[in-house]
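Listed below are the residues making up each chain.
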Amino acid sequence: MDAETLLEKYAAGNRQFHNENLRGLDLKGANLSGIELKGADLTGAELDNANLSDAYLENTNLTRASMIGANLSSLRKSSSLNLSWADLSDAVLTKADVSNAKFSNANLSNANLSEAKLSSANFSNSNLSNANLTRASLESTNFSNANLDNANLSDSNLNYANFTDAFLNEAKVVRSSLSNANLSGANLTGADFSQVNLSTAILKKATFLEAKIRGVNLSNHDLSGMNLTGADLGAAYLKGVNLRGACLQGTNLDKAELQQVNLMKANLSGASLRKVDLTGANLYGANFADADLTGAIMPDGEVYKPASEVEIGKQELALEKVILMTPQVIRTDKAPAPVGAYNQAIAAGKMLFVAGQIAIDPRLGDVVYTDDVKKQTEQIFINLEAILTAAGTSFANVIKTTVFLADMNDFAIVNTVYAKYFDEATAPARACVEVSRLPKDVLVKMECIAVIPER
C-alpha cells in the first residue's frame, strides 16, 4: 500500500491497517491519530512530525524510521513495538503504553516519555540525552550502554532496571525507586540521586563524582575503591558500608550515619564530616587532611572538637591518636569465619594481631586433610595470607608466630612448609609448643603478629 492510498482510506474513516507492508512510506506531518497498525511493517518510514497519538502499534515494525518530533502520546497497549535504530528526537511519548518495546540504538534525545509505561523495554545503546522520563514505569527496563546525560528520571519506577555501563552525567533520579537496579560501571558524574533508596542496587565500579546522593540509603554496600570525589552525601545512611580505599576528597558527609563503616586507607582530604556518627568505624590509614570533623562522634565515642576549642597543634594529634589506636576488626571471606567470641584479626595502631588458624577451608567451612599435617599446615598459611592481605600487610611484615602441635614429632614436617614463607635470615620470632589437644582435633594451629606498613 502506498502513502496516498493509506491516507485516503484513513480520511474515509478506516483505522485498521493490520499487517500491512508500509515500508519506506513518506507520511511526514500526517495526522494518523487513533490508527491501528498491529503487525504492520513501516521499516524506514518517514514520519517526522506525524500525529500517531492514541494509536495501536502492537508488534509494529518501525525499525530505522524517522520520527523526529512525532506525537506518539497515549499509545494503546503497543507491546513489542520495534523502534530499533529509529530517530525519535523531540518526539512525544507521554503516557504511551509500550511495555517490552525495542528502542535499541534509537535516538530519543529531548524526547518526552513522562508517565509512559515502559516496563521491560530495551533501550540498550540508545541516546536519551535530555529526555524526560519523569513518573515513567521502567521496571526491568534495559538501559545498558545508553546515553542518559541530563535526562530526568525523577519519581520513576526503576526497580530491576539495568544501567550497566550507561552514562547518566547530570541526570536527575530524585525520589525514584531503584530496588535491585544494576548500576555497574555506570557514569553518574553530577547526577542527582537525592532521597533514593540504593540499599539493594548494584553499584560495582560506578562513578559518583560530584553526584548528589543526599539522604540515600547505602547501608552495607561494598564501595571499596570507589571515586566519590566532591559528591554530596549529606545525611546519608551509610551504616556498615565498605569504603576501604575510596576517594572521598572534598565530599560532603555532614550529618551522615557512618557507624561501623570501613574507611581504612580512604582519602577524605578536604571532606566535610560535621556532626557525623563514626561509632565503631575503621579509620586505620585514612587521610583526613583539611577535613572538617566539627561535632563528629569519633570511634572512641568522644566528640571531636575544632582547633579553636583545643590547644594549637593538639587537634591533629588527637585525631591521629584516634585513627591509630582505636582497635579495628579485620574481616575477610577468604579465611575461616570466627565461630566464637573473637575475630580473625585486630589492628591496633600499626600492629596486627591474627587469631590462631587451623586447617579449615573457608569454601567448605570444615577441616581438610584430617590426617596430613603437611597439608594442614599449607591450608593454615593460605588462611593467614588472606587475613594479612585484608589488613594491608604480608608475611614479610610478620614479627612473631606461635605454633601449636598435637605431636612434637611433626615439627620437622611443619617446619618444611614454614620455611617456604619465611626466609631464615629475616624470619620472625617464633614459639612452638606441644599441646594435649587442638580444636576439631587438628594436628597444628598457628597465630601471628605483624606490622602494617604505611601506604
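Only a predicted model underlies this, so the values are computations on that prediction, with no experimental measurement involved.

Asks: So what exactly am I meant to see when it comes to the overall build of the protein here?
Replies: Along its length, the protein carries 4 helices and 8 strands. Radius of gyration (C-alpha) of the protein: 31 Å, far over the 23 Å computed for a compact globule of 455 residues. Summarising its shape, the C-alpha atoms of the protein cover approximately 100 × 65 × 35 Å along the three principal directions. Contacts in the protein between residues far apart in sequence, at least 24 positions, make up 21% of those at least 6 positions apart. Here the protein has roughly 20,100 Å² of accessible surface; of this, 46% comes from carbon and sulfur atoms. Distance between charge centroids for the protein: 3 Å, based on 40 positive and 50 negative side chains.

Asks: Looking at this structure, how should I read the side chain of Thr141?
Replies: Within the fold, Thr141 resides in the loop between α1 (3-11) and α2 (314-325). At 3.0 Å, the side chain of Thr141 and the backbone oxygen of Leu138 are in polar contact. Not counting residues up to four positions away in its chain, the partners in contact with Thr141 are Leu118, Ser119, Ser120, Ala121, Phe123, Ala161 and Asn162.

Asks: Please explain the pairing of strand β2 (residues 345-348) as it appears in this structure.
Replies: Every regular strand shows the same layout, with side chains that alternate between the two sheet faces. Burial of the side chains of β2 is restricted to one face: Ala345 and Ala347 are buried, whereas none of Ile346 and Ala348 on the reverse face is. Summarising the sheet, β2 and strand β3 (residues 351-357) pair through 4 bridges and their orientation is antiparallel. Bridged to Ala345 within β3 is Val354. Hairpin remark: β2 followed by β3, antiparallel, with 2 residues in the connecting loop; positive phi at Gly349, about 65°.

Asks: I would appreciate a short explanation of the sheet that holds β3 in the present structure.
Replies: Sheets are built from strands paired through backbone hydrogen bonds, the pairs being either parallel or antiparallel. The strand order β1-β2-β3-β8-β6-β7 describes an open sheet built from 6 strands, whose pairing is mixed. Sheet topology places β1 (328-330) and β7 (429-434) at the edges, where each strand pairs with a single neighbour. Shown here is a sheet whose adjacent strand axes are inclined to one another by a mean of 15°, direction ignored. In this sheet, β2 lies alongside β1 in antiparallel orientation, the contact comprising 3 bridges. Bridging across to β2, Ile330 finds its partner in Ala345. Helix α3 (residues 373-390) contacts β1, β2, β3, β6 (398-405) and β8 (444-451) of the sheet and is inclined by roughly 25° relative to β8.

Asks: Honestly, the environment of Gln379 in this entry has me stumped. Any pointers?
Replies: With respect to the helices and strands, the residue Gln379 is situated in helix α3. Separated by 21 residues in the primary sequence, Gln379 and Ile358 place their C-alpha atoms 7.7 Å from one another. Excluding residues within four positions of it along the chain, Gln379 makes contact with Ala359, Ile360, Asp361, Pro362 and Val368.

Asks: Hey, could you run me through the pairing of β7 in this one?
Replies: With 6 bridges connecting them, β6 and β7 associate as parallel partners. Directly across from Thr401, in β7, lies its bridge partner Arg430. With helix α4 (residues 411-418) bridging β6 and its parallel neighbour β7, the resulting β-α-β unit is right-handed.

Asks: Hey, could you run me through the nonpolar core in this one?
Replies: Nonpolar side chains tend toward joint burial in soluble globular proteins. Phe103, Leu113 and Phe163 are the most contacted members of the largest nonpolar core, which has 108 residues in total. If we skip the residues at most four places from it in the chain, Phe163 touches Phe143, Leu148, Leu153, Leu158, Leu168, Leu178, Asn182, Leu183, Ser184 and Ala186. If you look at the next biggest cluster of nonpolar residues, it comprises 30 residues, including Ala345, Phe381, Ala386 and Cys448.

Basis of the calculations
- Numbering of residues starts from 1 in each chain and follows the order in which that chain's sequence is written.
- Given that this is a predicted model, residues contribute local features only at a pLDDT of at least 70 and side-chain atom pairs are listed and counted only at 80 or more, while totals for whole chains, interfaces and linings are drawn from all residues.
- Computation of side-chain values: all heavy atoms of the structure, hydrogens and water removed.
- Each helix is a run of DSSP H or I of at least 4 residues and each strand a run of E of at least 2, with the numbering of both proceeding from the N terminus.
- For the radius of gyration, the atoms used are the C-alpha atoms, and the globule rule reads 2.2 Å times the number of residues raised to 0.38.
- In this analysis, two residues are considered to be in contact whenever any of their non-hydrogen atoms come within 4.5 Å of each other.
- Residue exposure ignores everything except the shown protein chains as possible cover, and the areas themselves are Shrake-Rupley values with a 1.4 Å probe.
- Neither His nor the chain ends is counted toward charge; the positive residues are Lys and Arg and the negative residues Asp and Glu.
- Just so you know, the charge point we use is NZ for Lys, CZ for Arg, CG for Asp and CD for Glu.
- Polar contacts, as counted here, are pairs of nitrogen or oxygen atoms within 3.5 Å of one another; within protein the pair requires one atom able to donate a hydrogen and one able to accept it, and residues that are adjacent in sequence qualify only if both atoms are side-chain atoms.
- Each residue's exposure class comes from its accessible area (1.4 Å probe, protein chains only) as a fraction of the maximum for that residue type: buried when under 20%, exposed when over 50%, partly exposed otherwise.
- Paired strands, in this sense, are two strands between which DSSP finds at least two bridges.
- Axes, fitted as lines to C-alpha atoms, cover a helix only where it is in contact. Angles between the N-to-C directions of the axes lie from 0 to 180 degrees.
- The path from the first strand over the helix to the second decides the hand: if it runs clockwise while the strands point away from the viewer, the crossover is right-handed.
- By nonpolar core we mean a set of buried residues, namely Ala, Val, Leu, Ile, Met, Phe, Trp, Tyr and Cys, connected to one another through side-chain atoms within 4.5 Å.

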